[in-house]
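# Chains, contacts and geometry: an overview
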Amino acid sequence: MKVIKRQNEAPLFDQLFDGFFRDEPLHWMNRNFVNHRQESVNILENDAQFEIELLAPGYRKEDLHIEVDGDLLTLKAERKENKEEKESNYLRREFRIHNFERQFRLPEDRVNAEGITARFEDGILHLSVPKKEETKKASRLIEIN
């Protein structure tokens, strides 16, 4: 008779709760969740173009960089830390400088990368990615026999 020893998964679970109750809860949440977030994006499609909306609150237009390399669209934001803030004597500081980068693969055969336009308004970056003329959907009337 062979004894099969089952691996105990409880230590991992125990470590999770030990870390949670040992550390300050807000610190635990920041360490495990905030650092892994991505900026939210909406992607819309209509007959003429794709529209990309990237949520970037707290950034200025100068902080944002948009680059197209072949079929790869890259959206980046980089914010520099203010030296005056660095020298301040904080008791607690939860505001952090957060840089991000999002990349999207464009369907090269369907979009006109040269015609991409961007505007930044109310913390949202709006990109318009026009479709190539031959791929725009043309409606047609279908007769019923």
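For clarity, every value in this text was computed on a predicted model and none was experimentally measured.

## Some remarks on the overall build of the protein
Secondary structure summary: the protein contains 3 helices and 7 strands in total. Beginning at the N terminus, the succession of helices and strands in the protein can be written as α-α-β-β-β-β-α-β-β-β. Taken over 145 residues, the protein has a buried fraction of 21%. Long-range pairs, those at least 24 residues apart, make up 54% of the contacts in the protein with a sequence separation of at least 6. By element, 49% of the accessible surface of the protein is carried by carbon and sulfur atoms, the whole surface being about 12,300 Å².

## Quick word on the confidence of the model for the protein
Looking at the protein, the pLDDT average stands at 76 and 63% of residues meet or exceed 70. Summarising per-element confidence for the protein, the mean pLDDT is lowest in helix H2 (residues 25-32) (46) and highest in strand E6 (residues 117-121) (95). Every residue in residues 25-36 is under pLDDT 50, and counting partners more than four places away or in other chains gives 12 contacts.

## Some words on the pairing of strand E4 (residues 72-77)
The side chains of a regular strand alternate between both faces of the sheet. Pairing of strand E3 (residues 64-69) with E4 involves 6 bridges; the strand directions are antiparallel. Residue pairing across strands places Leu-64 opposite Ala-77, the latter belonging to E4. Following E3, the chain reverses through 2 residues before pairing antiparallel with E4; Gly-70 in that reversal takes a positive phi of roughly 65°. Two strands pair when backbone bridges link them, and E4 and strand E5 (residues 100-105) are joined in this way by 6 bridges, in the antiparallel orientation. Residue Ala-77 lies in a different strand from E5, and its bridge partner there is Phe-100.

## A look at the sheet that holds E6
One open sheet holds the 4 strands; their spatial order is E1-E2-E7-E6, and the pairing between them is antiparallel. Two strands close off the open sheet at either side, each with one partner strand: strand E1 (41-45) and E6. Averaged over all neighbouring strand pairs, the angle between strand axes comes to 15°, with direction disregarded. As defined by bridge partners, strand E2 (residues 49-55) adjoins strand E7 (residues 124-130) across 7 bridges and the pair is classed as antiparallel. When the sheet's bridge partners are listed, Leu-54 is paired in E7 with Leu-125.

How each quantity is defined
Residues numbered from 1 in each chain as written. Predicted model: local features only at pLDDT ≥ 70, side-chain atom pairs only at ≥ 80, totals over all residues. Heavy atoms only, no water. Helix = DSSP H or I, 4+ residues; strand = E, 2+ residues; numbered from the N terminus. Buried < 20%, exposed > 50% of the residue type's maximum accessible area, 1.4 Å probe, protein only. Contact = heavy atoms within 4.5 Å. Areas by Shrake-Rupley, 256 points an atom, 1.4 Å probe, with all protein chains shown as cover. pLDDT = per-residue confidence, 0-100. Pairing = 2+ DSSP bridges. Axes fitted to C-alpha atoms, helices over the stretch in contact; angles between N-to-C directions.

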